[in-house]
Amino acid sequence: MADTPLHGTVTAFDEHVGLGTVVADDGTAYLFHCVEIADGSRTIPVGTGVSFERLAKLGRYEASAVTPV
């Protein structure tokens, strides 16, 4: 189950593999896959401010429901 929404910034995104990193306001980095971008766009520019949910997945936390703000 996901936590309450967090806020952060996209610090990396590789369009070819669809993987990115968002760093939360507290400095914690979370990986995400392009399918987790909430608007379905499959790409998001580096530097975009986002809200997201922290989701436990395969023994670690990842960003889910990544939404530009």
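A brief structural summary. For every chain, the first residue of the written sequence is number 1, and numbering continues from 1 onward in sequence order. Only residues with pLDDT of 70 or above have their local features reported here, since the model is predicted, and side-chain atom pairs are shown and tallied only from 80 upward, although totals for entire chains, interfaces and linings are computed over all residues. As a convention, hydrogens and water are excluded, and side-chain values are obtained from all of the structure's heavy atoms.

**With respect to unusual backbone geometry**
Note the following rule: A run of DSSP states H or I qualifies as a helix once it reaches four residues; a run of E qualifies as a strand once it reaches two. Both are numbered from the N-terminal end.
Although it is not a glycine, R42 adopts a positive phi angle of roughly 70°. Locating R42 in the fold gives a position in the loop between strand 3 (29-33) and strand 4 (49-57). Phi at A65 is positive, roughly 50°, even though this residue is not glycine. Relative to the elements of secondary structure, A65 occurs in strand 5 (residues 60-68).

**Focus: the environment of Y61**
Which entries qualify depends on this criterion: Only protein chains enter the area calculation, which uses a 1.4 Å probe; residues under 20% of their type maximum are buried, those over 50% are exposed, and those in between are partly exposed. Contacts are assigned to residue pairs with any non-hydrogen atoms lying within 4.5 Å of each other.
On the secondary structure map, Y61 appears in strand 5. The partly exposed category is assigned to Y61, whose relative accessible area is 41%. The sequence separation of Y61 and L31 amounts to 30 residues, and the corresponding C-alpha distance is 8.0 Å. Not counting residues up to four positions away in its chain, the partners in contact with Y61 are Y30, R54, L55 and A56.

**Some remarks on the pattern of salt bridges**
Rules: A side-chain nitrogen of Lys or Arg and a carboxyl oxygen of Asp or Glu constitute a salt bridge if their distance falls within 4 Å.
Under the criterion given, the structure shown has one salt bridge. The salt bridge partner of R60 is E62, with a shortest N-O separation of 2.8 Å. Given a relative accessible area of 10%, E62 falls into the buried group.

**Thoughts on the packing of aromatic side chains**
Short version of the rule: To pair, rings of Phe, Tyr and Trp, with the six-membered ring standing in for Trp, must have centres within 6.5 Å; the planes then decide the type, stacked if under 30 degrees apart, edge-to-face if over 60, and tilted in the middle.
Going through the model one piece at a time under the given rule, you end up with two aromatic pairs. Judged by centre distance (5.8 Å) and plane angle (20°), the rings of F13 and F32 are stacked. Of this pair, F13 sits in strand 1 (residues 6-14) while F32 is found in strand 3, placing the two residues 19 residues apart along the sequence. For F13, a relative accessible area of 15% gives the class buried. Classification of F32 as buried rests on a relative accessible area of 1%. Centre to centre, the rings of Y30 and F52 are 5.4 Å apart; their planes meet at 55°, and the pair counts as tilted.

By themselves, these figures tell us nothing about what the structure is for.
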